Amino acid sequence: MDWFWWVLIIFWTGGFAWVADNVRTALRNRHERKLQLLEAAKQERLAVEAAHRAPEPVCGCTHHLAKHDKQGRCHERVEVPTAWDENKKPLRYEAGQCNCQQYVGPQPLSQVFAEDLTDLA
């Protein structure tokens with residue numbers, strides 16, 4: 001029965017509050033770390049998916065190669081500024097033709113077969 005008095009003294013002096021606070025802090029830190037690990041795994045998965053994707057042929061005007069004809073003219077409609085303020089910031093826009101001249105990006109390649117480099121003697 002002697003232990004009962006020790007537990008009662010610890011309870012009266014706030015010892016259990018200290019334990020509860022430490023447990024609460026540990027659980028909060030564990031939760032935040034778990035969220036960070038999940039976010040890191042998501043970013044890694046997105047990076048791996050992006051690494052396996054072929055580069056998209058994009059023109060300097062940021063439009064896809066499919067929007068350009070054989071001569072290199074872009075056929076996409078864009079917003080063209082028509083009025084500016086005193087700080088040379090556009091106020092009004094209207095639809096217009098994209099005026100880029102030619103696609104200047106990586107050419108899409110077909111599948112290429114290359115034999116393994118080995119020492120076969």
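Keep in mind it's a predicted model, so treat the numbers as computed, not measured. (Residues numbered from 1 in each chain as written. Predicted model: local features only at pLDDT ≥ 70, side-chain atom pairs only at ≥ 80, totals over all residues. Heavy atoms only, no water.)

Turning our eyes to something else, we now look at the overall build of the chain. When you go through the chain residue by residue, the secondary structure sums to two helices and two strands. Going from N to C terminus, the chain has its helices and strands arranged as α-α-β-β. Restricting the contact set of the chain to residue pairs at least 6 apart, pairs at least 24 apart contribute 33%. Carbon and sulfur atoms make up 59% of the accessible area of the chain, which totals about 11,300 Å². (Helix = DSSP H or I, 4+ residues; strand = E, 2+ residues; numbered from the N terminus. Contact = heavy atoms within 4.5 Å. Areas by Shrake-Rupley, 256 points an atom, 1.4 Å probe, with all protein chains shown as cover.)

This brings us to unusual backbone geometry. Positive phi, close to 60 degrees, is recorded for K88, a residue that is not glycine. K88 gets classed as exposed once you look at its relative accessible area, which sits at 74%. (Buried < 20%, exposed > 50% of the residue type's maximum accessible area, 1.4 Å probe, protein only.)

Moving on: a nonpolar patch on the surface. Among the surface-exposed residues, W3, F4, W5, W6, V7, I9, I10, F11, W12 and F16 lie close enough to one another that they form a single nonpolar patch of about 1,200 Å² accessible area. No other element matches helix α1 (residues 2-12), which puts nine residues into the nonpolar patch. Looking at the element boundaries, F4 is found in helix α1. (Patch = residues over 30% accessible without salt bridge, like charges linked within 9 Å, V, L, I, M, F, W, Y side chains within 5 Å. Salt bridge = Lys/Arg side-chain N within 4 Å of Asp/Glu carboxyl O.)

All right, on to the pattern of salt bridges then. The full count for this structure, using the stated rule, is three salt bridges. Between E49 and R45 there is a salt bridge whose closest N-O contact spans 3.9 Å. Placement of the pair is E49 and R45 together in helix α2 (residues 15-52), with a separation of four residues, close to one helical turn. Residue K67 pairs with E76 through a salt bridge whose shortest N-O separation is 3.2 Å.

Function-wise, these values are silent; they only describe arrangement.
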